Amino acid sequence: MQAFLGLGSNMGSRLEALQRALDLLSTEAGIRVQRCSRVWETDPVGGPEQDDFLNVVLEIDTDLTPHDLLAACNRVEAQLGRTRDVHWGPRTIDIDILLIDDLTIADGSLTVPHPRMHERAFVLLPLLELLPDPVLPDGTRLMDVRLPDQPARLAFPPLSIPA
Ligand code: ATP
Ligand code: CA
Ligand code: CA
């Protein structure tokens, strides 16, 4: 299956956290990282006053079930010291599942497509680098969604994908 993950960091060494998360994801059984967007720096959206984020979107190929993929993402977050104190607060790393093929999932622990992705420039801009014309399972074309007016800057070297 093809899936897209959205990663964000706004604490500590942000670029290093993104690279380490990519590396750890690619060592997870059943996950192969195929492509990575550029690194975008974005102003925080929602939540308390906090530092700017670095964000990327990854395209992965996976044999995992959606819930096993979520568990793998949570494991990598934990390895990078992610804690959940403040809702939408600062984090060393956040890994969200954006899309998994054309699956629609909505249960207590997992919602795919990610329900807030189309409101977030920090997801849409990097996703559009990897998919020029993304279409959600319900037929929504993200090209038709008004891009949110949220500051985003490209000023960082790209991450590297382990061989
Ligand atoms: P947001 O979901 O608005 O981006 P957040 O990333 O800060 O907020 P978290 O605290 O990281 O929220 O996640 C809360 C819970 O969301 C997770 O424990 C997970 O079970 C659930 N969840 C539901 N759908 C998804 C998804 N598509 N990707 C990642 N987590 C999800
Ligand atoms: Ca998130
Ligand atoms: Ca999350």
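Everything that follows concerns the structure shown earlier in this document.
Residues numbered from 1 in each chain as written. Chains lettered and ligands numbered in written order. Predicted model: local features only at pLDDT ≥ 70, side-chain atom pairs only at ≥ 80, totals over all residues. Heavy atoms only, no water.

## Brief notes about the site of ligand 1
Surrounding ligand 1, one finds 14 residues, the nearest of these being R84, R91, S109, R116 and R120. In this structure, an oxygen atom belonging to ligand 1 sits 2.9 Å away from a side-chain N or O atom of W88. Note that an oxygen atom of ligand 1 is positioned 2.7 Å from one of the side-chain N or O atoms of R91. Per-element tally for the shell around ligand 1: the top contributor is strand β5 (residues 94-100), with three residues. (Near = heavy atom within 4 Å. Polar contact = N/O pair within 3.5 Å; in protein donor to acceptor, adjacent residues only side chain to side chain. Helix = DSSP H or I, 4+ residues; strand = E, 2+ residues; numbered from the N terminus.)

## Some words on the pairing of strand β4 (residues 53-62)
The side chains of a regular strand alternate between the sheet's two faces. By the criterion of burial, β4 is predominantly enclosed, with nine of the ten residues buried. The pairing of strand β1 (residues 2-9) with β4 spans eight bridges and is antiparallel. Within the sheet, the bridge partner assigned to Q2 lies in β4 and is D61. In this sheet, β4 lies alongside strand β2 (residues 31-36) in antiparallel orientation, the contact comprising five bridges. Its bridge partner lying in β4, R32 is registered against D61. (Buried < 20%, exposed > 50% of the residue type's maximum accessible area, 1.4 Å probe, protein only. Pairing = 2+ DSSP bridges.)

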